[in-house]
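Structural overview for review
Letter by letter, the chains look like this.
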Amino acid sequence: MEHVVLDLQTTLFCGQSFGWLQEGDTYSAVLDGKLVRIRQENILEKCSQDLFLQHYFDMDWEYLKAESYLGSLGYPMADAVAHAQGLHILNQDPWEVLIGFILSQNNNIKRITQMFQKLGKEYGTQVESGRYSFPTQKQLQKATETELRALGMGFRAPYILDAIQKSSLLDTIPLLEFEDALLQLMTIRGVGRKVGSCVLLYGYHRMEAFPMDTWMKKAMARWYPHETSEIFSPYAALAQQYLFHYVRTLEES
DNA sequence: GGCCAGGCCCCAG
DNA sequence: CTGGGGCATGGC
């Protein structure tokens, strides 16, 4: 099977990021304060000119090796890999990931994206007509619970406020072992094991993470009822992402 | 018009 | 420490 370098459609809309928009074959998001536009055809070109994008799209990680190993595990993992060729784990801003996944609880990806973009429009910086950066901690500090609830954040409003309050702990996460890092994140209200795992994976590229959401619980119960993430080591996070994508694809069809 | 969504908090037992 | 109800909101 031909190895796909990076598949934008799958990577950007597999539920790891809530900041991307699609118009035709063009994908755009505000990254690092700038509006980025990119198409499947010009990924390599863009990344070769821009080290930030090269890192953001995780172009140098061992996806070929990981796909090969997970593919060797047979059904259903081999099928899951085949259905998500070219899926990369993005290197996102931990702060954005933290708020994004606080929004994610008891919610659906469509509405998470809408809520995430609402925060940008309300508290972020406009970088182009109608396009806003995600607000920094300082920008979000202006928010009150009443405002956030009026914006539609619902019961997550106080969680966002607590995350702002404790946002400095994000700086210490890279220094910590996985479990310690998870415990630190879980001191934030609204952050449990699942949300914390997502922050460690999508914000800090901790590939040993294995976020267990409702879909993953179904997938594990169905295919690996007596196993843990250990069987996918050292590619647990990627296995999780492939399975997550796979079960959702099956459900839709 | 209910149902449900990439969970977590809280409080019974 | 484990289990289950409740939670704000809107897309479907």
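The structure this text deals with has already been given above.
Source: prediction; values computed, not measured. Chains are numbered independently. Their residues run from 1 in the order of the written sequence. Note on labels: chains are lettered from A, ligands numbered from 1, in written order. Local features in this predicted model are restricted to residues whose pLDDT is 70 or higher, and side-chain atom pairs enter the listing and the counts only when it is 80 or higher, whereas totals over whole chains, interfaces and linings include all residues. For the side-chain quantities, the full set of heavy atoms in the structure was used; hydrogens and water were omitted.

Looking at the protein's contact with DNA strand B
Within the structure, DNA strand B sits among 26 residues, and Gly15, Asn107, Asn108, Ile109 and Gln240 are positioned closest to it. Here the atoms of DNA strand B within 4 Å of the protein split so that 62% fall in sugar or phosphate, with bases taking the remainder. At 2.8 Å from a phosphate oxygen of DNA strand B is found a main-chain nitrogen or oxygen belonging to Gly192. Between DNA strand B and the protein, one listed contact pairs a base oxygen with a side-chain N or O atom of Gln241 at 3.1 Å. Within the residue set of the surface near DNA strand B, elements represented by two or more residues are α12 (193-204), α13 (214-223) and α14 (236-252). Numbering of helices and strands runs from the N terminus; a helix is a DSSP stretch of H or I covering at least four residues, while a strand is a stretch of E covering at least two. The element best represented in the surface near DNA strand B is α12, accounting for 4 residues. Any residue that is not Ala, Val, Leu, Ile, Met, Phe, Trp, Tyr, Cys, Pro, Asp, Glu, Lys or Arg is counted as polar, Gly included; the first ten are nonpolar and the last four charged. Broken down by class, the residue content of the surface near DNA strand B amounts to 11 nonpolar, 11 polar and 4 charged. For this description, a residue counts as near a given molecule or strand if any of its non-hydrogen atoms is within 4 Å of it. Polar contact is defined as a pair of N or O atoms within 3.5 Å, subject to the rule that within protein one atom must be able to donate a hydrogen and the other to accept it, and that residues adjacent in sequence are counted only when both atoms are side-chain atoms.

Points about the protein's contact with DNA strand C
In the vicinity of DNA strand C, the contacting residues are Asn106, Asn108, Lys110, Arg111, Gln114, Arg149, Gly152, Gly154, Phe155 and Arg156. Sugar and phosphate atoms form 57% of the subset of DNA strand C atoms that lie within 4 Å of the protein. Contact distances for DNA strand C include 2.4 Å between a base nitrogen and a side-chain N or O atom of Asn106. In the environment of DNA strand C, a base oxygen lies 2.6 Å from a nitrogen or oxygen atom belonging to the side chain of Arg111. Ranked by residues supplied to the surface near DNA strand C, first place goes to helix α7 (residues 109-123) with 3 residues. Grouping the amino acids of the surface near DNA strand C by side-chain chemistry returns 1 nonpolar, 5 polar and 4 charged.

Notes on the pattern of salt bridges
Here, a salt bridge means any Lys or Arg side-chain nitrogen found within 4 Å of an Asp or Glu carboxyl oxygen. Within this structure, the stated rule accounts for 6 salt bridges. Two residues, Arg37 and Glu128, come together in a salt bridge whose shortest N-O distance is 3.0 Å. Linking Arg37 in strand β3 (residues 34-39) with Glu128 in strand β4 (residues 126-128), this pair joins segments that are 91 residues apart in sequence. Buried, partly exposed and exposed residues are distinguished by accessible area as a fraction of the type maximum, computed with a 1.4 Å probe on protein chains only: under 20%, between the cut-offs, and over 50%, respectively. Judged by relative accessible area, Arg37 falls into the partly exposed class, the value being 41%. Since its relative accessible area comes to 37%, Glu128 is described here as partly exposed. Across the pair Arg39 and Glu41 runs a salt bridge whose closest N-O atoms are separated by 3.2 Å.

Looking at α14
Relative to the 24 Å expected for 17 residues at 1.5 Å per residue, α14 spans 24 Å between its end C-alpha atoms, a close match to the ideal helical length. Burial within α14 is extensive, with 12 of its 17 residues counted as buried. Taken as a whole, α14 has its buried residues at Ala236, Ala237, Leu238, Ala239, Gln240, Gln241, Tyr242, Leu243, Phe244, His245, Tyr246 and Val247. What a helix is expected to span follows from its residue count: subtract one and scale by 1.5 Å.

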